[in-house]
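Residue-level structure breakdown
Each chain, letter by letter, is given below.
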Amino acid sequence: MPDMIFHIALHDDWHAAQQTGEYTTSTLGRTLDEEGFIHASHRHQVTEVIRRHYRGLRSPLYLLVIDPDRVEAEIREEPVPGTDETYPHIYGPLNVDAVTEAIDLSAGQAPT
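Read on for a plain summary of the structure. Please read these numbers as outputs of a predicted model, since none were measured by experiment. (Residues numbered from 1 in each chain as written. Predicted model: local features only at pLDDT ≥ 70, side-chain atom pairs only at ≥ 80, totals over all residues. Heavy atoms only, no water.)

With six of its six residues buried, strand S1 (residues 5-10) lies for the most part within the structure. Burial of S1 is two-sided: the residues Ile5, His7 and Ala9 facing one way and the residues Phe6, Ile8 and Leu10 facing the other way are all buried. (Buried < 20%, exposed > 50% of the residue type's maximum accessible area, 1.4 Å probe, protein only. Helix = DSSP H or I, 4+ residues; strand = E, 2+ residues; numbered from the N terminus.)

Put into structure tokens, the structure is as follows:
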């Protein structure tokens with residue numbers, strides 16, 4: 001089994017993707033077209049990403065668990081300015097069938 005990658009999604013964005021079959025939100029307030037890729041993270045990076053970018057947000061959030069072997073777009077492991085780590089970036093729409101689970105973060109669940 002491959003190491004899963006993760007993406008934090010707003011409820012409305014994830015719901016829309018389920019209707020179209022493709023997820024195209026890069027990050028909070030930015031689309032794939034605007035950013036050029038979809039931000040993702042590794043398991044150990046999820047908590048910090050939520051703290052840094054989503055703290056205090058009132059909209060329901062989902063943690064998308066993504067099987068990288070099922071992603072149709074290219075995934076690149078790239079450095080992020082201001083950190084010593086690399087993050088996975090998805091260079092194209094995320095096909096929803098690559099998402100193995102959508103964890104409702106408002107329910108207090110966290111990745112295991």
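Further notes follow.
Formed by 17 residues in total, the largest nonpolar core has its most connected members in Trp14, Tyr23, Leu64, Ile66, Val71, Ile90 and Leu94. Looking at this core, the elements that each hand over two or more residues are S1, helix H1 (11-20) and strand S6 (61-66). For this core, the element with the most residues is S6, which contributes three residues. Ignoring anything within four residues of it in the chain, the contact list for Ile66 reads Met4, Ile5, Phe6, His7, Val71, Ile90, Leu94, Ala98 and Val99. The next biggest cluster of nonpolar side chains, apart from the first, holds 13 residues, and it includes Met4, Val46, Ile103 and Leu105. (Core = buried A, V, L, I, M, F, W, Y, C linked by side-chain atoms within 4.5 Å. Contact = heavy atoms within 4.5 Å.)

It is worth spelling out the sheet that holds S1 at this point. One open sheet holds the three strands; their spatial order is S1-S6-S10, and the pairing between them is antiparallel. Strands with a single pairing partner mark the edges of an open sheet, and in this sheet they are S1 and strand S10 (99-104). Strand-to-strand, the axes of this sheet are offset by a mean angle of 25°, without reference to chain direction. Of the pairings in the sheet, the one linking S6 to S10 comprises five bridges and is antiparallel in character. Each residue of the ladder has a partner; that of Tyr62, found in S10, is Asp104. (Pairing = 2+ DSSP bridges. Axes fitted to C-alpha atoms, helices over the stretch in contact; angles between N-to-C directions.)

Another aspect to go through is the packing of aromatic side chains. Tallied over the full model, the rule gives two aromatic pairs. Measuring from ring centre to ring centre gives 6.5 Å for Trp14 and Tyr23, while their planes differ by 55°; the resulting arrangement is tilted. Here Trp14 matches Tyr23 in class, with each residue buried. Between Phe37 and Tyr91 the ring centres are 5.3 Å apart and the planes differ by 40°, which places this aromatic pair in the tilted class. Remark: Tyr91 occurs in strand S8 (residues 86-91) and Phe37 occurs in the loop between helix H2 (32-35) and strand S5 (38-39); sequence separation between them is 54 residues. Residue class for Phe37 comes out buried when judged on its relative accessible area of 12%. (Phe/Tyr/Trp six-rings, centres within 6.5 Å; stacked < 30°, edge-to-face > 60°.)

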